[in-house]
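Below, each chain spelled out in residue letters.
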Amino acid sequence: MNSMENTTLLFNDEMEKIIDAMDLSQEAPVEEPQRQYWFMKKARQLIKEQSEKLGRPLTANITTFGCQMNARDSEKLVGILERIGYVEVPDENADFVIYNTCTVRENANLRVYGRLGYLHSLKKKNPHMMIGLCGCMMQEPQVVEKLKKSYSFVNLIFGTHNIYKFAELVVSSLLSDRMIIDIWKDTDKIVEDLPVERKYPFKSGVNIMFGCNNFCSYCIVPYVRGRERSRNPKDIVREIERLVKDGVVEVMLLGQNVNSYGKNLDEPMTFAQLLTEIEKIEGLKRIRFMTSHPKDLSDELIEVMKNSKKICKHLHLPLQSGSSDILQKMNRRYDKEKYLNLVEKIRTAIPDISLTTDIIVGFPGETEEDFLETVDVVKKVRYDSAFTFIYSKRTGTPAAVMENQVSEDVVKDRFNRLLETVQTIGREMSARDTGKVMEVLVEEQNSQDKHLMTGRLSNNLLVHFEGDTSLIGQLCQVRLDECRGFYYMGTKVG
């Protein structure tokens, strides 16, 4: 056994020893995370009893809707579920089913309601089955009211702010016949040192902050994720060091707006300074981050990215609109000129960077001239790819009650024209490295052809090449033979 494995086991053993030492005859501790360790032991006892009655292990399934923040939250939930005795299964035919919900668009909510109908039929066949709902959608009061009235078979509802309390909430659900609802409006609390079960052994998301202070007029996120709060940099570095000892070579730093990291710390620290500290971690090969808000992207950050050996050559820089008038209505706090100047600064410092973006078409009041301003930015910046969205009216946001909502047929026409421009430029940009030998992090066996492995370049493009599963998690040199739109076919070198 190598030293990396030893260190990881040491941390797991330490947590296990603390859980085992908890005295269930005493009241649960008040301090976190010790309180959650107590509830993990209690949950383990209850689940063992139920498992023995059924004569089999209890199973659990988590379905994640939404962004990478949600995906990371689900890894935390799985970590606790596995530690208290559940066995994860790939579908909803399980003893405990959890939907980690998203609410950025209205149709995300409708999908969840639709799936709950299916779960109800499963629960009738399996009466001791538990159903849990968490995530952003649960932070909307009208959603919780609807669930109470029409979906009373749900056992547990909690939000985004108290996910660390999951073990405690599971115990409450196991001991109660009623629906448990625990929603917090906001919090400044961050609890460290709780279990996480990563999806990939070689890469991991790492939350550096939670919440958002921007209040873009179309966005529900600040209302459901709360105000910005940054994690202590020492805790972030410690987590990444642990991950590296466990075989992780790439981390994705996560926040709604990573560029405003550190403003609320007792000793303020910039995102660029945090990156400089993370860069020093031995054994870490790649650093990614998202999302970057253009209004907060500093010259200091550009300089750190330029000089870094580990920060990937990819920056996701949401534009949303190219019209200064629409940007003002969106409350984005930059205009077209500032955005283009920022892009020029970034490209001058890091010529080989890959830029990607988000664009909304059909924001209230958007004219044809406004739309053409967006197309103009796309042509000037030349993004490698763009996530393009038709504006979705989000109840509870200022934009939802704005006048001059754009008609559906006009929006669809603009969306199709934008998509064609984005894809044409994206294909051209993606092909620019054809013939070069570049470093690829091998992520998985190709699902279409088992002879091929699939990996990712520093600029986030996928590469498929011949190889075997022993390469997964390795950094390989691959010649980029042929670009096929938005991925490469390549050949491993050496």
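Attention here is on the structure that accompanies the text. From a predicted model like this one, the values you see are computed outputs, not experimental measurements.

**Re the sheet that holds strand E10 (residues 250-254)**
The sheet built from three strands is open, its strands ordered E7-E10-E11 with parallel pairing. Each having just a single partner strand, strand E7 (203-207) and strand E11 (286-290) make up the two edges of the open sheet. The sheet shows a mean angle of 25° between the axes of neighbouring strands, direction not considered. The strands touched by helix H3 (residues 68-83) within the sheet are E7, E10 and E11, with E7 carrying the most contacts at an inclination of about 100°.

**So, the pattern of salt bridges**
The final tally for this structure, using the stated rule, is 38 salt bridges. The partner of Glu 145 in a salt bridge is Lys 148, and the shortest N-O contact between them spans 3.1 Å. Linking Glu 145 with Lys 148, this pair stays in helix H5 (residues 141-150), spanning three residues, or about one helical turn. Across the salt bridge formed by Asp 433 and Lys 436, the nearest N and O atoms sit 2.9 Å from each other. Residue Asp 433 is classed as buried on the basis of its relative accessible area, which comes to 8%. With relative accessibility at 42%, the residue Lys 436 sits in the partly exposed group.

**So, the side chain of Asn 100**
By the secondary structure assignment, Asn 100 is in strand E3 (residues 96-101). Reaching out from Asn 100, the side chain makes a polar contact with the side chain of Ser 74 at a distance of 3.0 Å. Sequence-distant contacts of Asn 100, that is, excluding residues within four places in its chain, are made with Thr 63, Thr 64, Phe 65, Asn 70, Asp 73, Ser 74, Cys 134 and Gly 135.

**Here we look at the nonpolar core**
Ile 240, Leu 253 and Phe 271 are the most contacted members of the largest nonpolar core, which has 69 residues in total. No other element matches helix H14 (residues 408-430), which puts six residues into this core. Each residue touching Leu 253, except ones within four places of it in the same chain, is listed here: Val 206, Ile 208, Ile 240, Val 258, Phe 271, Leu 275, Ile 278, Ile 287, Arg 288, Phe 289 and Met 290. In this structure, Ile 19, Leu 46, Leu 58 and Ile 80 belong to the second largest nonpolar core, which totals 36 residues.

Rules used throughout
Residues numbered from 1 in each chain as written. Predicted model: local features only at pLDDT ≥ 70, side-chain atom pairs only at ≥ 80, totals over all residues. Heavy atoms only, no water. Pairing = 2+ DSSP bridges. Helix = DSSP H or I, 4+ residues; strand = E, 2+ residues; numbered from the N terminus. Axes fitted to C-alpha atoms, helices over the stretch in contact; angles between N-to-C directions. Contact = heavy atoms within 4.5 Å. Salt bridge = Lys/Arg side-chain N within 4 Å of Asp/Glu carboxyl O. Buried < 20%, exposed > 50% of the residue type's maximum accessible area, 1.4 Å probe, protein only. Polar contact = N/O pair within 3.5 Å; in protein donor to acceptor, adjacent residues only side chain to side chain. Core = buried A, V, L, I, M, F, W, Y, C linked by side-chain atoms within 4.5 Å.

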